Amino acid sequence: LAVCALSAITITINIRWAMRNVGLRRRQAWMFLLPSLVSWTGYCISCVLELDQARFAVRAISFFLTSLIMIWAFQRWRLYSILPLAKDVVLGGMVDGLMVIDDEGYIVELNAPAQAIFAGPAVAMGKTIRDAHRAWPEMVCPNDSTSVWEAQRQQNGAVFFYQITRTALRTPAGHVLGQVLVFKDITRDKRQQKRIVEQEKSLSTLEERSRLSRELHDGPGQLCGYLSMQTQSARILISKQKYELADQRLEQLQQAVQDVHLSLRESIT
């Protein structure tokens, strides 16, 4: 009775551990529970049997099945390997979308960010890459030899930009088993680049306005004052009947007007 009670407590703790975990940890908990159930069942059956030989045979079979289950879990499912756990941790913490495609074009892995990008049952594990292309035509690579490209997608009335990276999954022997697509959201970078370009355009416009204002001030602005003075001087000379001097002033005025005209044409250009 004591052995049965301790076994029941152990099994209960194992079940609670399994229910409180998810993913690989839950599968590990269930795999620990299964051999315990086999051993406990074999022990209970051996206690019920009256013959010692039968008890020994049942216990031996139960221990054999327990060992077989543990070996199968280690070798076949690799449940106790750190690599699947590391994979689950990395995938769970990824901000970028991840899609794994096998060599036949079926989607075998799709993390939460990738599911949010496609946001629909048409693209899910078990579907094909062609279904993803139909749901998002812009994601199709423009060139088969390209491994990194950009695509935009409209979601909820807003436009998002993604950088898509494609990596082939190759064995050490060189056989291609599939490919991995990583979707990096570059919307913020695109918007920031657009703001920088707009700021540079505004700054360039202000600099050009400042340059033109300096040219107009140093060129036609000062020449207009000079022309006004020379015109007034020519009128005074004409009133005094000094026509030769007045004609000289008019020639200077004509040359100054031509200079202003050239300067204005340069500014317009």
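Check the entry above for the structure.
Residues numbered from 1 in each chain as written. Predicted model: local features only at pLDDT ≥ 70, side-chain atom pairs only at ≥ 80, totals over all residues. Heavy atoms only, no water.

Draft legend 1. Representation of the packing of aromatic side chains in the model. Going through the model one piece at a time under the given rule, you end up with four aromatic pairs. Centroid distance Phe118 to Trp136: 5.9 Å. Interplanar angle 70°. Geometry classified as edge-to-face. Placement of the pair is Phe118 in helix α5 (residues 112–118) and Trp136 in the loop between α6 (129–135) and β3 (148–155), with a sequence separation of 18 residues. As far as the burial class goes, Phe118 and Trp136 line up, both buried. Summarising the aromatic geometry, the rings of Phe118 and Phe183 are spaced 5.9 Å apart at their centres and angled 85° between planes, so their arrangement reads as edge-to-face. Taken together, the positions of Phe118 in helix α5 and Phe183 in strand β5 (residues 176–185) put the pair 65 residues apart, joining distant regions of the chain. Across this residue pair, the class does not change: Phe118 and Phe183 are buried. Site record: aromatic cluster; members linked through ring pairs are Phe118, Trp136, Tyr162 and Phe183. (Phe/Tyr/Trp six-rings, centres within 6.5 Å; stacked < 30°, edge-to-face > 60°. Helix = DSSP H or I, 4+ residues; strand = E, 2+ residues; numbered from the N terminus. Buried < 20%, exposed > 50% of the residue type's maximum accessible area, 1.4 Å probe, protein only.)

Draft legend 2. Highlighting the nonpolar core. One finds Met99, Phe118, Trp136, Met139, Ile164, Leu181 and Phe183 to be the most contacted residues of the largest nonpolar core, which totals 19 residues. Breaking this core down by element, the ones donating at least two residues are β1 (97–102), β2 (107–110), α5, α6, β3, β4 (158–170) and β5. The leading source of residues in this core is α5, at three residues. Apart from the residues within four sequence positions on either side, Ile164 is in contact with Trp136, Met139, Ser147, Val148, Trp149, Ala151, Leu181, Val182 and Phe183. (Core = buried A, V, L, I, M, F, W, Y, C linked by side-chain atoms within 4.5 Å. Contact = heavy atoms within 4.5 Å.)

Such coordinate-based values are descriptive only and should not be taken to indicate function.
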